[in-house]
Amino acid sequence: WMFDFYHAMGCYGIEGGFYRSNPDDVKNHYIFRKYVDVGQESVASKVTTVMKKLADEKLKGLTSSRGIRRGFNSYLAANFDVHDDMQRSLGGFKRQDNSEQYTMDLPALILPPAKALTGWPDARARVYPPSLSALLALRIDADKIAKFAEKLFVVSVPELKPGGRLESMTKTMVASLIMYHLEMSKRFPNGNLVVETLRNAAKDIGIGDEGLMTWSKAIKD
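Description of the structure in this document. Bear in mind that the values here come from a model prediction, so they are computed numbers and not experimental data. (Residues numbered from 1 in each chain as written. Predicted model: local features only at pLDDT ≥ 70, side-chain atom pairs only at ≥ 80, totals over all residues. Heavy atoms only, no water.)

### Some points on the overall build of the protein chain
(1) Moving on: For the protein chain, the helix and strand inventory stands at twelve helices and zero strands.
(2) Moving on: For the protein chain, the C-alpha radius of gyration of 19 Å lies close to 17 Å, the compact-globule estimate for 221 residues.
(3) Moving on: Along the longest, intermediate and shortest principal axes, the C-alpha atoms of the protein chain span 55 × 50 × 35 Å.
(4) Moving on: Put simply, the protein chain has 221 residues, and 33% of those count as buried.
(5) Moving on: Excluding contacts between residues fewer than 6 apart, the proportion of contacts in the protein chain whose partners are at least 24 apart in sequence is 57%.
(6) Moving on: Carbon and sulfur atoms form 56% of the exposed surface of the protein chain, whose accessible area is close to 14,700 Å².
(7) Moving on: One finds the centroid of the 31 positive side-chain charges in the protein chain at a distance of 3 Å from the centroid of its 26 negative side-chain charges. (Helix = DSSP H or I, 4+ residues; strand = E, 2+ residues; numbered from the N terminus. Rg over C-alpha atoms; globule rule 2.2 N^0.38 Å. Buried < 20%, exposed > 50% of the residue type's maximum accessible area, 1.4 Å probe, protein only. Contact = heavy atoms within 4.5 Å. Areas by Shrake-Rupley, 256 points an atom, 1.4 Å probe, with all protein chains shown as cover. Lys, Arg positive; Asp, Glu negative; His and termini not counted. Charge placed at Lys NZ, Arg CZ, Asp CG, Glu CD.)

### Let's talk about the layout of surface pockets
(1) Moving on: The volume enclosed by the second largest pocket comes to roughly 560 Å³.
(2) Moving on: Looking at the second largest pocket, it is lined by 22 residues, and the ones nearest its centre are Ala146, Ala149, Glu167, Thr170 and Lys171.
(3) Moving on: Among the secondary structure elements, those contributing two or more residues to the lining of the second largest pocket are α7 (133–137), α8 (142–150) and α9 (167–179).
(4) Moving on: Take the lining of the second largest pocket: its biggest share by element is seven residues, from α9.
(5) Moving on: Classifying every residue of the lining of the second largest pocket gives 13 nonpolar, five polar and four charged. (1 Å grid on protein atoms, 1.4 Å probe; cavity = no way out; pocket = protein on both sides within 12 Å on 5 of 7 lines; lining within 4 Å. Points joined across faces, edges and corners; volume = space filled by probe spheres on them. Nonpolar A, V, L, I, M, F, W, Y, C, P; charged D, E, K, R; others polar.)

### Some words on the packing of aromatic side chains
(1) Moving on: Taken as a whole and assessed by the stated rule, the structure comprises five aromatic pairs.
(2) Moving on: Between phenylalanine 18 and phenylalanine 153 the ring centres are 5.5 Å apart and the planes differ by 85°, which places this aromatic pair in the edge-to-face class. One end of the pair, phenylalanine 18, is in the loop between α1 (5–14) and α2 (40–54); the other, phenylalanine 153, is in the loop between α8 and α9, with 135 residues separating them in the sequence. Per residue, the accessibility class of phenylalanine 18 equals that of phenylalanine 153, and both read buried.
(3) Moving on: Through a chain of ring-to-ring contacts, the aromatic side chains of Tyr12, Phe18, Phe32 and Phe153 assemble into a single cluster.
(4) Moving on: Here the guanidinium or amino end of arginine 187 rests over the ring plane of phenylalanine 188, the centre of that ring lying 4.8 Å away. (Phe/Tyr/Trp six-rings, centres within 6.5 Å; stacked < 30°, edge-to-face > 60°. Lys NZ or Arg CZ within 6 Å of the ring centre and 35° of its normal.)

### Re the environment of lysine 60
(1) Moving on: As for its position among the elements, lysine 60 is in the loop between α2 and α3 (65–78).
(2) Moving on: Expressed as a C-alpha distance, the spacing of lysine 60 and threonine 49, which sit eleven residues apart in the sequence, is 9.9 Å.
(3) Moving on: Each residue touching lysine 60, except ones within four places of it in the same chain, is listed here: Lys52, Lys53 and Ala55.
(4) Moving on: A distance of 3.3 Å separates a polar atom in the side chain of lysine 60 from the backbone oxygen of alanine 55. (Polar contact = N/O pair within 3.5 Å; in protein donor to acceptor, adjacent residues only side chain to side chain.)

### Describing the nonpolar core
(1) Moving on: Grouped together as the largest cluster of nonpolar side chains are 35 residues, with contacts concentrated most on Phe148, Ile178 and Trp215.
(2) Moving on: Contributing elements (two or more residues each) for this core: α1, α8, α9, α11 (193–204) and α12 (208–220).
(3) Moving on: Ranked by residue count, the leading element in this core is α9, at seven residues.
(4) Moving on: Once you skip the residues sitting within four places of it in the chain, tryptophan 215 turns out to touch Leu135, Ile140, Lys144, Ile145, Phe148, Ile178, Ile205 and Ile207. (Core = buried A, V, L, I, M, F, W, Y, C linked by side-chain atoms within 4.5 Å.)

### Focus on the side chain of threonine 172
(1) Moving on: Inspection of the secondary structure assignment puts threonine 172 in helix α9.
(2) Moving on: The contacts of threonine 172, once residues within four sequence positions are left out, are Tyr6, Pro129 and Pro130.

### What about the packing of α1 against α9?
(1) Moving on: Remark: α1 packs on α9, axes separated minimally by 8 Å, with the N-to-C direction vectors making an angle of 95°. The angle between α1 and α9 falls in the class roughly perpendicular. Residues Phe5, Tyr6, His7, Met9, Gly10, Cys11 and Ile14 of α1 form the contact with α9, whose participating residues are Met169, Thr172, Met173, Ser176 and Leu177.
(2) Moving on: When grouped by side-chain class, the residues that make up the contact of α1 with α9 number eight nonpolar, four polar and no charged. (Axes fitted to C-alpha atoms, helices over the stretch in contact; angles between N-to-C directions. Parallel < 35°, antiparallel > 145°, perpendicular 65-115°, else oblique.)

### Remarks on unusual backbone geometry
Note on backbone geometry: most residues besides glycine have negative phi, and most peptide bonds are trans.
(1) Moving on: The phi dihedral of arginine 139 falls on the positive side, at around 65°, and the residue is not glycine.
(2) Moving on: As for its placement among the helices and strands, arginine 139 is situated in the loop between α7 and α8.
(3) Moving on: Given a relative accessible area of 81%, arginine 139 falls into the exposed group.

Here is the structure:
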């Protein structure tokens, strides 16, 4: 969960990141509205500063936003389903020569060993983001799932709302929060804002923490 983008964004939502007090503010369409005016050249350095602040002391010297981008771009380069133009688009590059600077020498060897080290049963299996469809497969009422999601965070960003262009992202964030609830509960036995928010939401819709654990396992499996 510490490396899951959707889980991180879900935590950001629980912290109030998607709420806007002024509905008429033009910046409401931006998820990170405080960074709307940040110049492109300074984004990497700001992200690196935050990452180093949160990293373990032994890893601070090896931590940078460039490393994250190189890892992702190397994964794209190793994926046979991703052609060159798609790689540039997904990686945020405009020129081929620029994207190649962010590709490691042996990209095909990067992801499988990482998955093997983290306990994946099949290190070469394709990776998919978590989905709420696993709950629907258990015949859990869609309205109940929607009510649970509504209790996690207030969404003011139009694109993240139902019918918005990023609605699927919101659903994936909720799925990720549910999937990692078991691990988060073990890591924080006394609870924290994220754990308690999910527990309270589960209680409000009548499934309790035990039911939430069942949802968590269903999505992970």
